[in-house]
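Each chain, letter by letter, is given below.
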Amino acid sequence: MHILTSQEQPMAADRHTYRITGGVPLHGTVEASGAKNAVTKELVATLLTGEPCVLHGVPRILEVDLVLGMLTELGTQVSWLGEHTVRVHTPEVTSTSLSSMYSGVNRIPILMMGPLLHRRGETVVPLPGGCTIGKRPIDFHLRGLAQMGADIVDRPGSVKVSADRLTGAHVHLPFPSVGATENLLLAAVLAKGTTVISNAAVEPEIVDLVLMLQKMGALITIDTDRTLTVSGVDELRGVEHHTVADRIEIASFAAAAVATDGRIEVRGARQDHLITFLNVLRHVGGEFNETEHGLEFFRARPLTATDVETGVHPGFMTDWQQPMTVLLTQATGTSVVHETIYEDRFGYAQQLSDSMGAGIELTTRCLGAAACRWHNRDFQHTAKITGPTPLKAADLVIPDLRAGFGYVLAALVADGTSTISGTRYLERGYEEPVAKLTAVGANITTQPA
């Protein structure tokens with residue numbers, strides 16, 4: 001894998017576009033990749049020790065490329081030991097800041113604050129970026145670090161954080177933010193004393209990070225009431241860890257199997273990470289079987305409408321709603337998808353309606369089981385989907401990572417040949433999507449961008 005240098009601009013342009021001819025049922029087997037949302041944070045966690053760390057199951061995706069490029073700038077030595085195994089070693093942190101090329105690229109730099117404070121006592125990190133799906137502010141992160149004794153100074157486009165040594169604190173998160181929980185965990189493991197994070201996120205990727213940190217010598221307790229208790233230790237050691245499978249990729253291929261009336265086995269898929277998704281899939285008309293190596297997904301009956309509400313784990317994941325929304329365009333009746341995590345997650349729906357003929361109507365109203373935090377605010381966070389709607393081929397431009405697979409799925413269902421650009425967003429989080437889709441029979445090719 002190529003690691004970006006400071007002379008290159010990350011995520012500057014597509015490497016290629018996709019051409020997809022729809023109407024083909026997908027059949028076959030794919031291997032689940034390691035979870036982007038786990039491994040990128042686990043790479044950051046290796047900064048907490050001066051000893052070598054080996055991570056297995058690392059997906060070959062652009063987001064991993066970016067994180068390894070960031071670590072290299074900070075002094076990390078990176079070497080690949082196999083196709084999906086990487087060794088990272090930071091005996092000395094040689095820089096406490098990242099170059100401006102990483103400003104606004106993704107949210108990983110803000111997660112480096114805790115490790116860099118422990119290693120060097122200060123850091124300047126660029127303000128976060130990533131997909132355009134909502135504001136995703138970092139006030140929870142900074143407020144928690146301030147409670148732990150960090151001195152924070154805002155700068156244009158960045159933030160400077162310094163501390164002699166972080167100390168334990170009781171931090172209550174107003175919302176169980178995944179990023180803030182991860183940030184506070186990374187800060188707390190080497191802090192002096194005990195840190196309690198209440199109303200924390202408890203996603204499988206966070207549990208996987210906890211497992212890795214525990215192997216390194218951290219003392220972390222996960223209570224049933226969303227409380228994480230971290231007893232700080234003086235040092236952490238190197239680790240060998242295998243990252244958890246990507247439940248977003250797994251759900252994407254599950255939706256593709258059901259939408260195209262095919263049958264796909266995803267090796268490495270875990271039922272316990274997909275419970276809520278599988279319930280919704282079954283309501284729509286999909287089904288699954290456990291296999292020797294994972295889960296197999298298929299359509300069990302004609303598709304029918306259902307209602308979906310996204311939520312924090314163990315709720316229906318916000319990153320599952322894009323392929324599910326496309327699947328629901330093929331279901332008989334009117335479905336409602338209520339997004340409660342990000343205020344602008346349906347930015348992709350307009351192209352599906354205008355260009356492909358999907359029956360999707362957006363509203364600012366809360367049409368879920370209860371009013372959410374976007375209630376009475378001017379955000380189109382609920383979709384009414386009327387189906388089944390024959391989708392027609394179109395030229396599509398991917399606006400963000402998770403919308404990317406939604407567009408791919410729409411093209412796989414549509415009549416005719418679609419062209420999809422903006423593929424750099426999809427390839428941030430999906431490993432070899434063209435090869436995997438081809439392996440299950442999709443009519444997909446690439447052409448130079």
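Cut-off values and rules
- Residues numbered from 1 in each chain as written.
- Predicted model: local features only at pLDDT ≥ 70, side-chain atom pairs only at ≥ 80, totals over all residues.
- Heavy atoms only, no water.
- Helix = DSSP H or I, 4+ residues; strand = E, 2+ residues; numbered from the N terminus.
- Rg over C-alpha atoms; globule rule 2.2 N^0.38 Å.
- Buried < 20%, exposed > 50% of the residue type's maximum accessible area, 1.4 Å probe, protein only.
- Contact = heavy atoms within 4.5 Å.
- Areas by Shrake-Rupley, 256 points an atom, 1.4 Å probe, with all protein chains shown as cover.
- Pairing = 2+ DSSP bridges.
- Axes fitted to C-alpha atoms, helices over the stretch in contact; angles between N-to-C directions.
- UniProt positions renumbered as here; feature names shortened; annotations may be inferred.

Engineer: I'm lost on the overall build of the protein in this one. Help?
Structural biologist: The secondary structure content of the protein amounts to 14 helices and 23 strands. Relative to the 2.2 N^0.38 estimate, which gives 22 Å for 449 residues, the radius of gyration of the protein is 22 Å and therefore close to what a compact globule would have. Counting only C-alpha atoms, the protein reaches 60 × 45 × 45 Å along its principal axes. A burial count over the protein gives 59% of its 449 residues as buried. For the protein, contacts bridging at least 24 residues in sequence account for 74% of all contacts bridging at least 6. Carbon and sulfur atoms make up 48% of the accessible area of the protein, which amounts to about 16,800 Å² in all.

Engineer: Whenever I open this one, the sheet that holds strand E17 (residues 307-309) confuses me. Can you help?
Structural biologist: Strand pairing in a sheet relies on backbone hydrogen bonds, with the paired strands running either antiparallel or parallel. Taken in spatial order, the four strands make up an open sheet running E17-E18-E20-E19, and their pairing is mixed. A strand with exactly one partner marks an edge of an open sheet, and here the two such strands are E17 and strand E19 (359-363). On average, each strand axis in the sheet is tilted by 15 degrees relative to the strand beside it, whichever way the strands run. Direction of pairing for strand E18 (residues 333-338) relative to strand E20 (residues 382-387): antiparallel, over a ladder of six bridges. Within the sheet, the bridge partner assigned to His338 lies in E20 and is Thr382. Of the strands in this sheet, E17, E18, E19 and E20 touch helix H10 (residues 321-328), which is tilted by about 170 degrees from E18.

Engineer: So what exactly am I meant to see when it comes to the UniProt feature "binding site: UDP-N-acetyl-alpha-D-glucosamine" (unreviewed entry) in the protein here?
Structural biologist: According to UniProt, the feature "binding site: UDP-N-acetyl-alpha-D-glucosamine" (unreviewed entry) maps to Arg107, Asp319 and Ile341 in the numbering used here. Of note, Arg107 is situated in the loop between strand E5 (85-89) and helix H3 (108-111). Judged by its relative accessible area of 19%, Arg107 is buried. The exposure class assigned to Ile341 is buried, which follows from its relative accessible area of 9%. In this structure, Ile341 is in contact with Phe175, Thr310, Gly311, Val312, Thr318, Arg373 and Trp374, ignoring residues within four places of it in sequence.

Engineer: Looking at this structure, how should I read unusual backbone geometry?
Structural biologist: Leaving glycine aside, a negative phi is the common case for residues, and trans is the common case for peptide bonds. The omega torsion across His313 and Pro314 is 15 degrees, close enough to zero to call that bond cis. Note on placement: Pro314 falls in the loop between E17 and H10. Cis geometry marks the peptide bond from Gly387 to Pro388, where omega comes out at 0 degrees. Inspection of the secondary structure assignment puts Pro388 in the loop between E20 and strand E21 (395-397). Of note, the phi angle at Asp261 is positive, near 60 degrees, even though the residue is not glycine.

Engineer: What should I look at first to understand helix H4 (residues 113-120) in this one?
Structural biologist: Every α-helical turn comprises 3.6 residues, leaving residues that sit three or four positions apart pointing alike. Restricting attention to buried positions, one finds in H4 the residues Met113, Gly114, Pro115, Leu116 and Leu117. Two residues or fewer after H4 comes Gly121, characterised by a positive phi angle close to 85 degrees.

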